[in-house]
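# Structural features, examined
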Protein chains: 2
Amino acid sequence: MGADAGCGEETDMQEDMRDRIKVAVDAMGGDHAPREIVKGAVDAVCERKDIQVFLTGQQDAVERELKKYTYPTDQITVVHAEEVIETAEPPVLAIRKKKKSSIVTGLTMVKQKEADAFVSAGSSGAILVGGQVIVGRIKGVERPPLAPLIPTERGVSLLIDCGANVDARPSHLVQFAKMGSIYMEYVAGVKHPKVAIVNIGAEEEKGNALVKETFPLLKECRDINFTGSIEAREIPRGAADVIVCEAFTGNVILKLYEGLSSTLLGVVKKGLMSSLRSKLGAVLIKPALKKTMKSFDASVYGGAPLLGLQGLVVKTHGSSKAVEVKNAIIQCVTFKEQKINEKIKQNLIDGDNKEE
Amino acid sequence: MGADAGCGEETDMQEDMRDRIKVAVDAMGGDHAPREIVKGAVDAVCERKDIQVFLTGQQDAVERELKKYTYPTDQITVVHAEEVIETAEPPVLAIRKKKKSSIVTGLTMVKQKEADAFVSAGSSGAILVGGQVIVGRIKGVERPPLAPLIPTERGVSLLIDCGANVDARPSHLVQFAKMGSIYMEYVAGVKHPKVAIVNIGAEEEKGNALVKETFPLLKECRDINFTGSIEAREIPRGAADVIVCEAFTGNVILKLYEGLSSTLLGVVKKGLMSSLRSKLGAVLIKPALKKTMKSFDASVYGGAPLLGLQGLVVKTHGSSKAVEVKNAIIQCVTFKEQKINEKIKQNLIDGDNKEE
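Figured I'd write up the structure that's included with this text. (Residues numbered from 1 in each chain as written. Chains lettered and ligands numbered in written order. Predicted model: local features only at pLDDT ≥ 70, side-chain atom pairs only at ≥ 80, totals over all residues. Heavy atoms only, no water.)

## Things to note about the relation of the copies chain A and chain B
Its rotation angle being 180°, the transformation that places chain A on chain B also includes 0.0 Å of axial translation and leaves an RMSD of 0.0 Å. What the superposition gives is, in effect, a two-fold axis relating one chain to the other. The C-alpha atom lying nearest the rotation axis in chain A is that of G281(A); the distance is 1.9 Å. A symmetric contact is evident, with 100% of the interface residues of chain A recurring at the interface of chain B. (Least-squares fit on C-alpha atoms with pLDDT ≥ 70 in both. Contact = heavy atoms within 4.5 Å.)

Rendered as structure tokens:
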């Protein structure tokens, strides 16, 4: 775990680089870049021989970080990109102007099949725009949703969409449901994932115009296990595996999840400091509490895929540390191995997708 | 606190009943009716001499409960209503057909100025529909919002709207902001309450069509302290006093607040049982934890007012116990004393409300 750690493993030259899953990683994106990003990449290649990482970013800075570690050097390549897109920049403009940024460089590698996937903790807006503009959508996909895994009492659920697709149409939500179902079945390994639509009541006639229009369309889909409406109250209980909603609602759910968990934990901690008795108790419960809260920490689940693109783009949290970056990189292997994009293509062409 | 408790205070016949705030209370609504509702009413009149409660519901059942307590009997009147509207009933039909229900009876008393306010833990749909149809809106109010207080790190915030007004228009949201601001200033006692609109980013250009249209209108309102967008992450921190959103989003926020708090607490409790050490610690922290969690429990804040009606209608949580019912009843006194409806009327007529 030390800054100068690493796996120290010797490179196996026998291993054919061409068989590896190639993941471009934005070394400059996020609050802890390049340090934690580089460490995450090192950890990933130390754990898995079947990954080839391309770190896009300012060569000097990236190499300075890489030098701290011992790792199979042939599994990591630095791809120089001198520009950095900042979080506050208008996404469309940034993608258009900063051709030499770490984000545009990584996305272009995916576009040109030099990489299977791109992982970034950088500007969400730039990644969403760039994913569509540079990598491009799978034919038939109307809007690519951003789909993070959120922790629940029973494990994790996929929240789809949390991206920039506000004011979505019913046909978009139907595609989100299908893509989300494929992802949960083949990447998360959930058999016949339960798919539900976020609503303000359990009954079919409840909801806003969008939900009311989408509900019957989802009921007609024979290729998903649609279980009806889900009230936000039931989400943390893990009542559904795929939580379908448009991006505004999804963003509110994701952000409130983060905010409320952190506030509640703060309130509990403060409460524990209120008396000598509880302070003593706090010392005793600390290890158990830490372990518990970790299982309920959204950040450990390795980032949110932007589904429906001609390649994989994964957005990790801006505050990502090495463990999240590593998990996101490893997630790309499962995605590729399980041929998720081929399954999405197949489903959208052959599925019973008759809406609009 | 025992079932047969009460305040045992003698009625002060000097007290003029006509000076009291008259609150109709639905004795049949909610999961714990009539027991907890009646107890809440008794507790309210024991605490305050200036309240006259009218318990609407099945006379026998209500009187059976009342007999358990000693209280100033002239402060509680039972108003017989033989029918009960169930939560699952379609609201519009229920209000139309069940004229003798406890809800319709209570709302009619408000309409006919026999009561200043109506408090119910019953069917949200029926209360929202009945409030508009029976009590009626204040002239100029387009849609009456349901506005619960939610707990935050710094106290409480008003979440407006969580009602049935899905697919709201910008002009509705502007009215919500104004009414919410008046409520927080004069009922909750917050000076110049900070008003923010729920959004998926802090910048003005972010958001869905509704938020983008509403934002400039709110900026123009000189009678509120509009502070811009609020991301859901910031809500639990108490970053704004009045959280403006349309009902679908508001409902998602409210329900997720409930669900996530309860799930997290469950996860923490389970974690504490994982080792002998943490079990011991759990015993020590229990009182402090209980106290802390209580301060973060949405249910103690006494119900959500349905604002903008010609009278006051307050919806308390379906799971309300005596303390919430009591708090909701007492809240009605402040509402009436502070002349909130007069202030709303004044504001909508004289305010700088130039939208649509």
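That shown, we press on.
## Description of the interface of chain A and chain B
Tallying the contact residues gives 50 residues for chain A and 50 residues for chain B. Considering only the surface of chain A that becomes buried against chain B, I200(A), F248(A) and L256(A) emerge as the three largest contributors, covering 15% of it. Summed over the shared surface of chain A and chain B, the number is four salt bridges. For K255(B), the salt bridge goes to E231(A), with nearest N and O atoms at 2.5 Å. The tally of links from chain A across to chain B stands at 10 residue pairs in polar contact (both at pLDDT 80 or more). At the level of elements, strand 7 (194-199), helix 7 (209-220), helix 8 (247-272) and helix 9 (276-295) of chain A are the ones that each hand at least two residues to the side of chain A that touches chain B. By residue number, the principal contributor to the side of chain A that touches chain B is helix 8 of chain A, which donates 19 residues. Classifying every residue of the side of chain A that touches chain B by side-chain character gives 27 nonpolar, 15 polar and eight charged. (Buried area = accessible area lost by both parts, 1.4 Å probe. Salt bridge = Lys/Arg side-chain N within 4 Å of Asp/Glu carboxyl O. Polar contact = N/O pair within 3.5 Å; in protein donor to acceptor, adjacent residues only side chain to side chain. Helix = DSSP H or I, 4+ residues; strand = E, 2+ residues; numbered from the N terminus. Nonpolar A, V, L, I, M, F, W, Y, C, P; charged D, E, K, R; others polar.)

## Considerations on the pattern of salt bridges
If you walk through the whole model with that rule in mind, you get 28 salt bridges over all chains. With a closest N to O distance of 3.0 Å, D74(A) and R20(A) form a salt bridge. Pair noted here: D74(A) is in the loop between helix 2 (59-66) and strand 3 (76-80) and R20(A) is in the segment before strand 1 (21-26), with a separation of 54 residues, a long-range link. One salt-bridge network, in which partners are shared between bridges, spans E231(A), R233(A), K255(B) and E258(B).

## A few points about helix 7 of chain A
Within helix 7 of chain A, the full set of buried residues consists of L210(A), V211(A), T214(A), F215(A), L217(A) and L218(A). Turning to helix 7 of chain A, the residues buried within the fold contact helix 6 (170-186), strand 7 and strand 8 (225-231) of chain A together with helix 8 (247-272) of chain B. (Buried < 20%, exposed > 50% of the residue type's maximum accessible area, 1.4 Å probe, protein only.)

## Brief notes about the packing of helix 6 (residues 170-186) of chain B against helix 7 (residues 209-220) of chain B
All names here are of chain B. Here helix 6 crosses helix 7 at 50°, and the two axes come no closer than 9 Å. Our classification of the angle between helix 6 and helix 7 gives oblique. In the packing of helix 6 onto helix 7, the handedness of the crossing is right-handed. Contacts between helix 6 and helix 7 involve P170, L173, V174 and A177 on the former and, on the latter, L210, E213, T214, L217 and L218. (Axes fitted to C-alpha atoms, helices over the stretch in contact; angles between N-to-C directions. Parallel < 35°, antiparallel > 145°, perpendicular 65-115°, else oblique. Left-handed = near helix turned anticlockwise from the far one by under 90°.)

## Remarks on the sheet that holds strand 5 (residues 149-152) of chain A
Residue and element names in this part refer to chain A. Within the open sheet, the five strands sit side by side as 5-6-9-7-8. Their pairing is mixed. Both edges of this open sheet fall to strand 5 and strand 8, since each of them pairs with a single strand only. Sheet twist, expressed as the average angle between the axes of neighbouring strands with direction ignored, equals 30°. Note: strand 6 (residues 155-160) against strand 9 (residues 242-244), three bridges, orientation parallel. In the strand pairing of strand 9, L159 is matched with I243. The strands that helix 7 touches are strand 7 and strand 8; relative to strand 7, the one it contacts most, it runs at about 165°. Of the strands in this sheet, strand 5, strand 6 and strand 7 are in contact with helix 8, which crosses strand 5 at around 50°. (Pairing = 2+ DSSP bridges.)

## Notes on the packing of aromatic side chains
All names here are of chain A. Within the structure shown, the criterion is met by four aromatic pairs over all chains. Seen in terms of ring centroids, Y183 and F335 are 6.1 Å apart; in terms of plane orientation they differ by 45°. Their pairing is tilted. Highlighted residues: Y183 in helix 6 and F335 in helix 10 (residues 322-337), separated in sequence by 152 residues. No difference in accessibility class separates Y183 from F335, as the two residues are buried. On the basis of an interplanar angle of 75° and a centroid distance of 5.2 Å, the ring pair of F215 and F226 is categorised as edge-to-face. In this pair, F215 is assigned in helix 7 and F226 in strand 8, connecting sequence segments 11 residues apart. Across the pair, F226 and F215 agree in class, each one buried. The ring of Y186 has K343 sitting right over it, with the charged end atom 4.1 Å from the ring centre. (Phe/Tyr/Trp six-rings, centres within 6.5 Å; stacked < 30°, edge-to-face > 60°. Lys NZ or Arg CZ within 6 Å of the ring centre and 35° of its normal.)

## A short note on the packing of helix 8 of chain B against helix 9 (residues 276-295) of chain B
Residue and element names in this part refer to chain B. In contact at an axis separation of 10 Å, helix 8 and helix 9 are set at 155° when each is read in the N-to-C sense. The orientation of helix 8 relative to helix 9 falls into the category roughly antiparallel. Here L265, G271 and L272 of helix 8 lie close against helix 9, whose contacting residues are S278, K279, A282, I285 and M293. Across the contact of helix 8 with helix 9, the residue classes tally to five nonpolar, two polar and one charged.

## Some points on a positive patch on the surface
Residue and element names in this part refer to chain A. On the surface, a cluster of positive charge is made up of K269, K286, K290 and K294. Top element by residues in the positive patch is helix 9. It accounts for three residues. Among the structural elements, K286 can be located in helix 9. (Patch = residues over 30% accessible without salt bridge, like charges linked within 9 Å, V, L, I, M, F, W, Y side chains within 5 Å. Areas by Shrake-Rupley, 256 points an atom, 1.4 Å probe, with all protein chains shown as cover. Lys, Arg positive; Asp, Glu negative; His and termini not counted. Charge placed at Lys NZ, Arg CZ, Asp CG, Glu CD.)

## Remarks on the sheet that holds strand 3 (residues 76-80) of chain B
Think of a sheet as strands paired side by side through backbone hydrogen bonds, with each pair either parallel or antiparallel. Residues and elements named next belong to chain B. Taken together, six strands build an open sheet; the order of strands is 3-2-1-4-11-10 and the sheet is mixed. Every other strand in the sheet has two partners, leaving strand 3 and strand 10 (304-306) as the edge strands with one partner each. Ignoring which end each strand starts from, the neighbouring axes of this sheet average 25° apart. Looking at chain direction, strand 1 (residues 21-26) and strand 4 (residues 117-120) are connected through three bridges and run parallel. The residue of strand 4 that forms the bridge with A24 is F118. Along the sheet face, helix 1 (residues 35-47) touches strand 1, strand 2 (51-57) and strand 3 and points at about 170° away from the line of strand 2. Across the sheet, helix 10 (residues 322-337) touches strand 1, strand 2, strand 4 and strand 11 (312-315), and the angle it forms with strand 1 is around 145°.

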